[in-house]
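# Secondary and tertiary structure notes
Here is what each chain is made of, one letter per residue.
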Amino acid sequence: SQTIHQWPATLVQPVGSPLSLECTVEGTSNPNLYWYRQAAGRGLQLLFYSVGIGQISSEVPQNLSASRPQDRQFILSSKKLLLSDSGFYLCAWSQASGDYEQYFGPGTRLTVT
Amino acid sequence: GESVGLHLPTLSVQEGDNSIINCAYSNSASDYFIWYKQESGKGPQFIIDIRSNMDKRQGQRVTVLLNKTVKHLSLQIAATQPGDSAVYFCAEGRGKLIFGAGTRLAVHP
């Protein structure tokens, strides 16, 4: 069966510090991968998606970047965090065949102080 | 603009009653709709989906209804239980999933 992992689960970082959140998927190959941000009490905002190694599409201009160094690894980064980067970050995967159903990881709660 | 939204931000129900969560969408080109449940501090979990060529689909205690005429989607939960308390998101698929803002379901004993 497929599983998706995210770490860390929670993170408190000062403004101006770098960020690296990692997501890995097991039990499938060549998945589509997604990064979402969720503000408190709000819906999901798609930040990045990837259809393959090294292929990243950005949905909104922002202070963050994403990379996919391996087939089942997706990383969300920032060189200098802003207060507005605080939120709940979710990674998700879907089959590459065009199936819309996405499977979400447990999320990372980021607080920028 | 095009969007997926929800009629009620919060829904309170008594344990054992049926719950109905509504969602409106604006793009008739959307061909896939999905409901997710998100418990506090966790990632969303798939509940049920429906394609645009269907009007109704049933799962275990849940039913999704799609009315393409008025671009309306609903999630019905039968015999609501305390464990159903969560935020429910609808999403429409048109190339990518676009999520609505969510409805919080609160189940009272």
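The structure contained in this document is the topic of the report that follows. (Residues numbered from 1 in each chain as written. Chains lettered and ligands numbered in written order. Predicted model: local features only at pLDDT ≥ 70, side-chain atom pairs only at ≥ 80, totals over all residues. Heavy atoms only, no water.)

## Description of the overall build of chain B
Of regular secondary structure, chain B possesses 0 helices and 11 strands. Its C-alpha atoms give chain B principal-axis dimensions of roughly 40 × 25 × 20 Å. Buried residues in chain B amount to 43% of all 109 residues. The long-range share in chain B, meaning contacts at least 24 apart out of those at least 6 apart in sequence, stands at 51%. On chain B, roughly 5300 Å² of surface is accessible, and the fraction owed to carbon and sulfur atoms is 47%. The centroid of the 11 positive side-chain charges in chain B is displaced by 4 Å from the centroid of its 9 negative side-chain charges. (Helix = DSSP H or I, 4+ residues; strand = E, 2+ residues; numbered from the N terminus. Buried < 20%, exposed > 50% of the residue type's maximum accessible area, 1.4 Å probe, protein only. Contact = heavy atoms within 4.5 Å. Areas by Shrake-Rupley, 256 points an atom, 1.4 Å probe, with all protein chains shown as cover. Lys, Arg positive; Asp, Glu negative; His and termini not counted. Charge placed at Lys NZ, Arg CZ, Asp CG, Glu CD.)

## Notes on the side chain of Ser 50 of chain A
Residues and elements named next belong to chain A. With respect to the helices and strands, the residue Ser 50 is situated in strand β5 (residues 44-52). The buried category is assigned to Ser 50, whose relative accessible area is 0%. Within the structure, the side chain of Ser 50 is placed 2.6 Å from the backbone oxygen of Gln 55, a separation counted as a polar contact. Only 3.1 Å separates the side chain of Ser 50 from the side chain of Arg 68, close enough to count as a polar contact. (Polar contact = N/O pair within 3.5 Å; in protein donor to acceptor, adjacent residues only side chain to side chain.)

## Side note on the interface of chain B and chain A
The interface of chain B with chain A comprises 21 residues on the first partner and 17 residues on the second. On inspection of chain B and its partner chain A, the count reaches 2 residue pairs in polar contact (both at pLDDT 80 or more). Element by element, the count of residues in the side of chain B that touches chain A is highest for strand β4 (residues 32-38) of chain B, at 4 residues. When its residues are assigned to classes, the side of chain B that touches chain A shows 9 nonpolar, 6 polar and 6 charged. (Nonpolar A, V, L, I, M, F, W, Y, C, P; charged D, E, K, R; others polar.)

## Remarks on the pairing of strand β8 (residues 73-78) of chain A
Residues and elements named next belong to chain A. The buried fraction of β8 amounts to 5 of the 6 residues, a majority that puts the element mostly inside the structure. As paired strands, strand β3 (residues 19-26) and β8 are joined by 6 bridges and run antiparallel to one another. Bridge pairing in β8 places Glu 22 opposite Ile 75. The pairing of strand β7 (residues 65-70) with β8 spans 4 bridges and is classified as antiparallel. Considered in β8, the bridge of Ala 66 is made with Leu 76. What sits between the antiparallel neighbours β7 and β8 is a turn of 2 residues. (Pairing = 2+ DSSP bridges.)

## Focus: the state of the cysteines
Taken as a whole, this structure holds 2 disulfides over all chains when the rule is applied. Here Cys 23 of chain A pairs with Cys 91 of chain A through a disulfide, and the sulfurs are 2.0 Å apart. Between Cys 23 of chain A and Cys 91 of chain A, the S-S torsion sits near -75 degrees, and that sign places the bridge as left-handed. Of the two residues, Cys 23 of chain A is situated in strand β3 and Cys 91 of chain A in strand β9 (residues 87-94); the sequence distance between them amounts to 68 residues. Each sulfur of the disulfide joining Cys 23 of chain B and Cys 90 of chain B lies 1.9 Å from the other. Taking the sign of the S-S torsion, about 50 degrees here, the bridge from Cys 23 of chain B to Cys 90 of chain B comes out right-handed. Here Cys 23 of chain B is found in strand β3 (residues 19-25), whereas its partner Cys 90 of chain B is found in strand β9 (residues 86-94), with 67 residues between them in sequence. Summarising the burial analysis for this pair, Cys 23 of chain B and Cys 90 of chain B share the class buried. (Disulfide = S-S within 2.5 Å.)

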